[in-house]
Amino acid sequence: QVQLVESGGGLVQPGGSLRLSCVASGNIFFIYAMGWYRQAPGKQRELVATITSDGSTNSADSVKGRFTISRDNAKNTVYLQMNSLKPEDTAVYYCNADRVRDANYRTNDYWGQGTQVTVSS
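For the structure given in this document, a descriptive report is provided here. (Residues numbered from 1 in each chain as written. Predicted model: local features only at pLDDT ≥ 70, side-chain atom pairs only at ≥ 80, totals over all residues. Heavy atoms only, no water.)

So, the state of the cysteines
- Counted under the stated rule, the structure contains 1 disulfide.
- Between Cys 22 and Cys 95 runs a disulfide, and the two sulfur atoms are separated by 2.1 Å. Across the disulfide from Cys 22 to Cys 95, rotation about the S-S bond amounts to roughly -85 degrees, and the bridge is consequently left-handed. Of this pair, Cys 22 sits in strand 3 (residues 18-26) while Cys 95 sits in strand 9 (residues 91-101), placing them 73 residues apart in sequence. Of the two residues, Cys 22 and Cys 95, both sit in the buried class. (Disulfide = S-S within 2.5 Å. Helix = DSSP H or I, 4+ residues; strand = E, 2+ residues; numbered from the N terminus. Buried < 20%, exposed > 50% of the residue type's maximum accessible area, 1.4 Å probe, protein only.)

Shown next, in the form of structure tokens:
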């Protein structure tokens, strides 16, 4: 089994910054990609940014130039640096680990429990 634990959410004023972290632990041999998704009240969960094991990234147009995703493969950890935050960034942010291979070569996807980010004055 694999667990994802997020941290770093909170309340911040517009224009401020936050850094989210997500650590994956458990029976892990390899993780193909890790990423962040978010869900605002009354809306569907949407992609924020993803990063593969070789460092290739993908991000939503709404966060380009403001959010930066990075990853430490040795620590099975993914980060999301969020700058110039806007009220519309308010949401629960979920960490995802895509195609996690365990020691028995089984592959699954996993989600964290979510961390609240609120941007408000």
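A word on the environment of Pro 14
- Along the chain, Pro 14 turns up in the loop between strand 2 (10-12) and strand 3.
- Note on Pro 14: relative accessible area 41%, which makes it partly exposed.
- When the C-alpha atoms of Pro 14 and Asp 89 are compared, they prove to be 9.5 Å apart, with 75 residues separating the residues in sequence.
- Discounting chain neighbours no more than four positions away, the residues touching Pro 14 are Leu 85, Pro 87, Val 119, Ser 120 and Ser 121. (Contact = heavy atoms within 4.5 Å.)

Thoughts on the pattern of salt bridges
- Evaluation of the coordinates by the stated rule reveals 6 salt bridges.
- Among the ionic pairs, Glu 46 bridges to Arg 38, the shortest N-O distance being 2.7 Å.
- With relative accessibility at 37%, the residue Glu 46 sits in the partly exposed group.
- Classification of Arg 38 by relative accessible area gives buried; the value is 7%.
- Between Arg 66 and Asp 89 there is a salt bridge, with its nearest N and O atoms 2.7 Å apart. (Salt bridge = Lys/Arg side-chain N within 4 Å of Asp/Glu carboxyl O.)

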